[in-house]
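# Analysis of the macromolecular model
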Amino acid sequence: MATSKNEFVIALEEHYWDKELISHLGGGEATRSPKMMERLYDLGDIRIREMDEAGIDMQLISHGAPSGQKIEADIGPKLISGMNDRLAEAIKPHPDRLAAFAALPTAAPEAAADELERSVTELGFKGAMICGLTNGKFHDEKQFWPIFARAEKLDVPIYMHPSFPDDRIIDAYYKEYIQDFPMVMRAAWGYTVETATQAIRMVLSGMFDEYPKLKIILGHMGETLPYQLWRIDQALSRPGHSTIKFREVFSEHFWITTSGHFSTPALLTSMMELGSDKIMFAVDWPFVANPPAMEWFETVQISAADRKKILSENALSLLKL
Ligand code: MN
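The text that follows walks through the structure, step by step, so that each part is easy to find. (Residues numbered from 1 in each chain as written. Predicted model: local features only at pLDDT ≥ 70, side-chain atom pairs only at ≥ 80, totals over all residues. Heavy atoms only, no water.)

## Structural notes on the sheet that holds strand β7 (residues 254–257)
In space, the 5 strands of this open sheet follow the order β4-β5-β6-β7-β8, with parallel pairing throughout. Strands at the two margins of the open sheet, each flanked by one partner only, are β4 (128–131) and β8 (279–280). Alignment of β7 against β8, held across 2 bridges, turns out to be parallel. In the sheet register, T257 faces β8, and the bridge partner there is M280. (Pairing = 2+ DSSP bridges. Helix = DSSP H or I, 4+ residues; strand = E, 2+ residues; numbered from the N terminus.)

## Quick word on the layout of surface pockets
Taken as a whole, the largest pocket encloses approximately 560 Å³ of empty space. Lining of the largest pocket is provided by 26 residues; of these, A187, Y191, H220, G260 and D284 occupy positions nearest its centre. Contributions of two or more residues to the lining of the largest pocket are made by α8 (190–204), α10 (220–223), α11 (225–236) and α13 (264–274). By residue class, the composition of the lining of the largest pocket is 13 nonpolar, 9 polar and 4 charged. (1 Å grid on protein atoms, 1.4 Å probe; cavity = no way out; pocket = protein on both sides within 12 Å on 5 of 7 lines; lining within 4 Å. Points joined across faces, edges and corners; volume = space filled by probe spheres on them. Nonpolar A, V, L, I, M, F, W, Y, C, P; charged D, E, K, R; others polar.)

## A word on the sheet that holds strand β2 (residues 58–63)
As summarised here, the arrangement of the 3 strands in space is β1-β2-β3, forming an open sheet in which the pairing is parallel. Pairing within the sheet leaves two strands with one partner each, and these edge strands are β1 (10–16) and β3 (98–100). On average, each strand axis in the sheet is inclined to that of its neighbour by 35 degrees, with strand direction left out of account. Relative to β2, β1 runs parallel, the two sharing 5 bridges. Bridging across to β2, I10 finds its partner in M58. Across the sheet, helix α4 (residues 76–91) lies against β1, β2 and β3, angled at about 165 degrees from β3, the strand it touches most. (Axes fitted to C-alpha atoms, helices over the stretch in contact; angles between N-to-C directions. Contact = heavy atoms within 4.5 Å.)

Function cannot be inferred from these measures alone, as they are strictly geometric.
Here it is, written out as structure tokens:
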């Protein structure tokens, strides 16, 4: 295990699928290869073997999109708590290798807050992941604030992860190109646009004044926001705006990960904008394989102290592992 430099490696955005949830959502198998399905449904041997082969010591596991955001309010709480229970049970034999982020029934915000608390205090989960929008709504809307209030109270982060864009957006932005370039509305661009928008809206909402200790994680090297930070901050401080210190709020409350984005220039930009304390290693397994992530990080020329922060120390402290 570990890297050639003998570093401890924690990967923060590693996924699985819950059979019951996926079957409730009408399958999903059709769109994925058998090899991918085998990995999504594995919470043991295959996962740990591929971690060992690549040198990854620990995975933080979360349900890949689609997740609890797509489940109706009336059945969500029961279905999702069963799902979190199954995940807790499955990872129990590997406490030093596997830890988890909860799924949340966000269509029922109070129940989602309670499920977050139960997942953290009873199941030992380290926070929660939200994938995309809930019923076409961004989570900065006040109806969802009970979830963030509870996250702050429990001092656990919420990971804001993409899902398929809202239908209105697919229609307006992508439909002419989806057939030839299906990834354009997904990992190539659509995921980033929606998730970056979600993050910007969270800052604009004033949520972080209300919950000054709230911690949010973004994957995919911050969904372009580190690169855009100067311009967003400058434009929002032009005359005629409500007062908001975008850079200050974003830099304080957001952590980012390297999931599915193994670019040294993007990493260096992020380090220059946010600092190495706010960046954590992630792969996005099994949608992305472990070796390219590890091989990339081996080549990154940064200090030993920064490597250590990104590979493990920041996660250990943020997640209190
Ligand atoms: Mn992911």
